[in-house]
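Reading the structure
As a plain string of letters, each chain reads:
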Amino acid sequence: MEKYKMHILICGGTGCRASASETIQNNLQEALKAKGLEDEVQVVMTGCFGFCEKGPIVKILPDNTFYVEVKPEDAEEIIDEHIVKGRKVMRLLYVDPEKKEVVSDSKHMEFYKKQIRIALRNCGFINPENIDEYISRDGYAALGKCLTDMTPQLVIDEIKASGLRGRGGGGFPTGLKWEFASKNKADQKYVVCNADEGDPGAFMDRSILEGDPHSVLEAMAICAYTMGATKGVIYIRAEYPLAIQRLKVAIKQAREYGLLGNDILGAGFSFDVEMRYGAGAFVCGEETALIHSMEGLRGEPTVKPPFPAESGYNGKPTNVNNVETFANVPVIINKGAAWFKKIGTEKSAGTKVFALAGKINNVGLIEVPMGTTLREVIYEIGGGIKDGKKFKAVQTGGPSGGCLTEKHLDTPIDFDNLIAVGSMMGSGGMIVMDEDDCMVSMAKFYLDFTVEESCGKCTPCRVGNKRLYELLNKITEGKGTKEDLDLLRNLSTVIKDTSLCGLGQTSPNPVLSTIENFYDEYIAHVEDHKCPAGQCKALMQYVIDPELCVGCTLCARNCPVDCIIGERKEAHVIDAAKCIKCGTCMDKCKFNAISIK
Amino acid sequence: MAKIKLAKSKVDKLVEICKSFDNEGSELINVLHKAQQTFGYLPAEVQEIIARELNVSVAHVYGVVTFYSFFSMVPKGEFPISICMGTACYVRGGEKVLEEFKRQLNVPVGETTDDGKFSISCLRCVGACGLAPVVTVGERVYGRVSVGDVADIIKEYQQ
Ligand SMILES: Cc1cc2nc3c(=O)[nH]c(=O)nc-3n(C[C@H](O)[C@H](O)[C@H](O)COP(=O)(O)O)c2cc1C
Ligand code: SF4
Ligand code: SF4
Ligand code: SF4
Ligand code: FES
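Criteria and thresholds
- Per chain, residue numbering runs from 1 following the sequence as it is written.
- Labels are handed out in written order, letters beginning with A for the chains and numbers beginning with 1 for the ligands.
- The predicted origin of the model limits local features to residues at a pLDDT of at least 70 and limits the giving and counting of side-chain atom pairs to 80 or more, whereas totals for whole chains, interfaces and linings rest on all residues.
- The basis for every side-chain value is the complete set of heavy atoms in the structure, and neither hydrogens nor water enter the calculation.
- UniProt positions are given in the numbering used here, feature names are shortened, and annotations may be inferred rather than shown by experiment.
- Whether two residues are in contact is decided by their heavy atoms, any of which lying within 4.5 Å being enough.
- Summed over both partners, the accessible area lost on bringing two parts together, with a 1.4 Å probe, is the buried area.
- In what follows, salt bridge is the name for a side-chain nitrogen of Lys or Arg lying within 4 Å of a carboxyl oxygen of Asp or Glu.
- Polar contacts, as used here, are pairs of N or O atoms within 3.5 Å; protein pairs need one atom able to donate a hydrogen and one able to accept it. Residues neighboring in sequence count only if both atoms are side-chain atoms.
- Secondary structure elements are taken from DSSP: a helix is a run of H or I of four residues or more, a strand is a run of E of two residues or more, and numbering for both begins at the N terminus.
- Charged residues are taken to be Asp, Glu, Lys and Arg, nonpolar residues to be Ala, Val, Leu, Ile, Met, Phe, Trp, Tyr, Cys and Pro, and polar residues to be all remaining types, Gly included.
- Where each domain begins and ends is defined by an automated method or by a domain database.
- Each residue is tested against the molecule or strand, and it is near if at least one of its non-hydrogen atoms lies within 4 Å.
- Lines are fitted to the C-alpha atoms to define the axes, a helix being fitted only along its stretch in contact, and any angle between axes, read from their N-to-C directions, falls within 0 to 180 degrees.
- Should an angle fall under 35 degrees it is taken as roughly parallel, and over 145 as roughly antiparallel, whereas 65 to 115 is taken as roughly perpendicular and any remaining angle as oblique.
- If you view the pair so one helix is near and one far, a crossing is left-handed when the near helix is turned anticlockwise from the far one by less than a right angle, and right-handed when it is turned clockwise.
- If DSSP finds at least two bridges between two strands, the strands pair.
- In this analysis, rings of Phe, Tyr and Trp, with Trp reduced to its six-membered ring, are considered paired at centre separations within 6.5 Å, and the interplanar angle assigns stacked below 30 degrees, edge-to-face beyond 60, and tilted for intermediate values.
- Buried means the residue's accessible area, taken with a 1.4 Å probe over protein chains only, is under 20% of the maximum for its type, while exposed means over 50%, and partly exposed covers the values in between.
- Here, a charge over a ring means that NZ of Lys or CZ of Arg falls within 6 Å of the ring centre while also lying within 35 degrees of the ring normal.

In the annotation of an unreviewed UniProt entry, the entry for chain B reads NAD(P)H-dependent oxidoreductase subunit E, and the organism field reads Ancylomarina longa. If you open the UniProt record of chain B and go to Sequence similarities (unreviewed entry), you find "Belongs to the complex I 24 kDa subunit family."

Chain A is annotated in an unreviewed UniProt entry as NADH-quinone oxidoreductase subunit NuoF from Ancylomarina longa. Recorded in UniProt under Sequence similarities (unreviewed entry), the annotation for chain A is "Belongs to the complex I 51 kDa subunit family."

Take a look at the structure:
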């Protein structure tokens, strides 16, 4: 990177690309050319910066200026003002919503202050399609160290001592897993990277692969060295075209540099990586299902044992790890287990990446030390609840997790604490909900997902989840009874106890946790036939308050089914029979005259 | 058996795809991905030819095609509309947007309008949760879509 005086980094994550970051990149380059600066200033498309809420992000180095919500037409001004004249473009800087002050350096933003970036260390800093940039930030140093200075057992011991636990959801100690795989003798062994990321609303793994693909390749090679594997496979969702493309580029470059292939770094160790594509089945994230899918079969789980470490891909010992787990490995080798162990809590070392989303001000990708509380994440990093609404619940662990409430906000986040309060870490999805979200509907949403994604192999999951869904549906339609709540609980317990794989064993968690934490809301549905959050369509009606309505006609002009009647300057009325309850009128009315009854 | 016969050029293309994966049965999913990229969908005849080439049963191919939601046995519309039903989009109103698309185009999820122009499907998280709710039309991603925007999006493609 030395030959350039300045660098302009632009976010190339999926979210920012959707907001035209590629056009911004082109415009910046054009503007530089127009000023004859293309040899002095380099424009780099990086991976996700994390602050997706304010994307597209453009960052200028070396002064660390952080521009937010940049539009293609801003490119010229950035070049003219900032690069040529050295004056920051004030209107594009981030304004702290509390203090109302401009913050130009991301280090001083509340969003970043509490974060520690280990797995995301390179995301937003390097060009993921250039291996030299990875190498310049200690890339492949860990692999070199392992191959030249450490025996496989020493590497395993280091990972064990670091306390690293699997980030794919289970939290199994990574070093121990590697040790099992290393002890099983076979002519062929495999290292598999699980990049199936099925939790809807989570995009941690994708961002790592898009922003720093080499970190995963390097870790896979290290893992292969410890267990004596020569082949690696990355199983990745076909829905992630950008991550796939960046991995392909990375694999090609690593081969060219002799960091993959035969006799890596002249140490007599050979390892290569290929890719397999998922095809839209959540259950394929489960490791046995994933292995069957890699073999070209239907992705149905099988009973463990045998564990993949004994008999996995093609019946050979196989070690499966998650993307984020791998991304931590090179840093642990470089900085040492003791350094890593100091971060986080006693039983959960290190950090965790979360995809923070939902009704929160700062949607984005964050990495915090284990032990950070939910309150810190939601209010300090996340900037609190959107539109000044009231916090209601936070969901972690995706379809396998639970909804936590106000009283859990001071729980330090780690694997064991989340399980103790009835949720789980999962892969890192964190969805925040406000007072307008109905918890029965939320449980129904997750069950709808599970029913669709159940592979159908075992009855409790295939049929049981369907029955759970139907009961929840009945309740949201106002036809439920109090007995249905007992039925929900009992059935949930049976499904958890008797399902074959992790999907069925955890799918009732959203139901159980919402009944536990929001019992009153269920009661309101079954006894008063009311939805307190005003979300269940069958239980609500939009009405216009004739006292407040000034007859501006705005609602009537926006109603998609033309069911609002009234003369200009007179109170309007909604024809309840025709209303499809879309809520547009309520959003549009500037006089708060429309409410839900 | 299927009524329409595939043109010879298409059969050749399929044979070629299978060959590029060494006619290995274990490469079935990769073959199906390639075939769907080429033909847009995987009708029964395509599956039969793949089964023959890879030397596996048609039932096995069908079993795999129907297991994975990414594979489709019906053609999509000229402008395939996908509404994100990931959790982040759901809590920010994705369902209402979906309802509005269904209402305006008058087709259920998974089907195509009579003129073949639009099809509606749901997907789970495109990774742009910061822009929720998200809708994609072909490659194009629309963020922060409200019920009121639906008509405008459809209009863009109607000419
Ligand atoms: C239904 C189900 C879905 C899963 N989905 C994923 C996934 O998307 N990504 C992942 O890394 N692990 C997923 N897992 C966990 C894997 O089975 C496995 O434990 C993990 O990949 C091991 O890697 P780790 O030890 O590094 O976490 C899933 C498990 C179940 C039961
Ligand atoms: S629990 Fe569900 S997903 Fe798992 S094997 Fe049984 S049916 Fe399939
Ligand atoms: S909720 Fe929708 S359909 Fe009903 S009156 Fe309002 S705008 Fe019209
Ligand atoms: S938008 Fe509000 S004030 Fe205007 S006519 Fe409708 S209800 Fe009345
Ligand atoms: S949930 Fe819709 S883009 Fe992530």
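**With respect to the interface of chain B and chain A**
Listed as interface residues are 37 residues of chain B and, on the opposing side, 55 residues of chain A. When residues of chain B are sorted by the area they lose upon contact with chain A, Phe-67, Thr-87 and Arg-124 of chain B head the list and together hold 20% of the total. For the pair chain B and chain A, the interface holds four salt bridges. Ionic pairing is found between Arg-276 of chain A and Glu-27 of chain B, a salt bridge with its closest N-O pair at 3.3 Å. Summed over the shared surface of chain B and chain A, the number is 17 residue pairs in polar contact (both at pLDDT 80 or more). Of all the secondary-structure elements, those providing two or more residues to the side of chain B that touches chain A are helix 2 (28-39), helix 4 (58-67), helix 5 (87-91) and helix 6 (94-105) of chain B. The biggest single contributor to the side of chain B that touches chain A is helix 4 of chain B, with five residues. Residues belonging to the side of chain B that touches chain A are distributed by class as follows: 18 nonpolar, eleven polar and eight charged.

**Details of the domain arrangement of chain B**
One can read the domain layout of chain B as domain 1 (8-67) and domain 2 (79-158). Computed from C-alpha coordinates alone, the two centres of domain 1 of chain B and domain 2 of chain B are separated by 30 Å.

**Describing the domain arrangement of chain A**
Residue and element names in this part refer to chain A. Splitting chain A by domain gives domain 1 (6-107), domain 2 (131-340), domain 3 (351-434), domain 4 (439-526) and domain 5 (541-596). Here the C-alpha centroids of domain 1 and domain 3 sit 29 Å apart. With six residues of domain 1 in contact, the opposing surface of domain 3 contributes seven residues. Three residues, Gly-50, Phe-51 and Glu-53, lead the burial of domain 1 against domain 3; their summed loss comes to 72% of the area buried on that side. Joining domain 1 to domain 3, the criterion identifies one salt bridge.

**As for the site of ligand 4**
As a structural note, the neighbourhood of ligand 4 is formed by Ile-544, Cys-549, Val-550, Gly-551, Cys-552, Thr-553, Cys-555, His-572, Cys-589, Phe-591, Ala-593 and Ile-594 of chain A. Taken together, the residues of the shell around ligand 4 break down into nine nonpolar, three polar and no charged.

**Describing the packing of helix 6 of chain B against helix 7 (residues 150-158) of chain B**
All names here are of chain B. Where helix 6 contacts helix 7, the two axes come as close as 10 Å, and the packing angle between them is 50°. Judged by the angle between their axes, helix 6 and helix 7 are oblique. Judged by the sense of rotation from one axis to the other, the crossing of helix 6 with helix 7 is right-handed. Along its contact with helix 6, which presents Val-97, Glu-100, Phe-101, Gln-104 and Leu-105, the element helix 7 presents Val-150, Ala-151, Ile-153 and Ile-154. Counted by class, the contact of helix 6 with helix 7 contains seven nonpolar, one polar and one charged residues.

**Considering the sheet that holds strand 13 (residues 364-369) of chain A**
Backbone hydrogen bonds are what pair the strands of a sheet, in a parallel or an antiparallel way. Residues and elements named next belong to chain A. What the five strands build is an open sheet, ordered 13-12-16-14-15; its pairing is mixed. Looking at the sheet topology across the chains shown, the edges are occupied by strand 13 and strand 15 (402-404). Averaged over all pairs of adjacent strands, the angle between their axes in this sheet comes to 30°, without regard to strand direction. Here strand 12 (residues 351-358) pairs with strand 16 (residues 429-434) via four bridges, running parallel. Each residue of the ladder has a partner; that of Ala-357, found in strand 16, is Ile-431. Against the sheet, helix 9 (residues 204-211) engages strand 12, strand 13 and strand 16, with an angle of about 115° to strand 12.

**Observations regarding the packing of aromatic side chains**
Tallying each qualifying case throughout the model produces 19 aromatic pairs over all chains. Ring centres of Tyr-225 of chain A and Phe-269 of chain A lie 5.6 Å apart, and the angle between their planes is 75°; on these two criteria the pair is classed as edge-to-face. In this pair, Tyr-225 of chain A sits in helix 10 (residues 213-227) while Phe-269 of chain A sits in strand 10 (residues 269-277), placing the two residues 44 residues apart along the sequence. Like Tyr-225 of chain A, the residue Phe-269 of chain A is buried in the burial classification. Measuring from centroid to centroid gives 6.2 Å for Tyr-68 of chain B and Phe-71 of chain B, while their planes differ by 80°, and the two rings are edge-to-face. Relative accessible area serves as the criterion here: at 6%, Phe-71 of chain B is assigned to the buried category. Through a chain of ring-to-ring contacts, three or more aromatic side chains come together here, namely Phe-49, Phe-51, Phe-66, Tyr-94, Phe-111 and Tyr-112 of chain A. The ring of Phe-125 of chain A carries Arg-137 of chain A above its face, with NZ or CZ at 4.8 Å from the centroid. Sitting over the ring of Phe-354 of chain A, Lys-352 of chain A keeps its end group 5.8 Å from the ring centre.

**A short note on the site of ligand 2**
Taken together, 13 residues form the shell around ligand 2, and within it Cys-455, Lys-457, Cys-458, Cys-461 and Cys-501 of chain A come nearest. Here the shell around ligand 2 is built from residues that sort into eight nonpolar, four polar and one charged.

**Focus on the pattern of salt bridges**
All told, the structure shown has 48 salt bridges over all chains when counted by the stated rule. The network of salt bridges with shared partners includes Glu-53 and Lys-386 of chain A together with Arg-92 and Arg-144 of chain B.

**Focus on the pairing of strand 14 (residues 391-396) of chain A**
All names here are of chain A. With six of six residues buried, strand 14 is to be regarded as a mostly interior element. In the sheet, strand 14 pairs with strand 16 via five bridges, with the strands oriented antiparallel. Pairing of Val-394 across the sheet is with Val-432, part of strand 16. Bridging between strand 14 and strand 15 involves three bridges; their strand directions are antiparallel. Directly across from Thr-396, in strand 15, lies its bridge partner Gly-402. The loop that links strand 14 with its antiparallel partner strand 15 comprises five residues; one of these, Gly-397, has a positive phi angle of about 85°.

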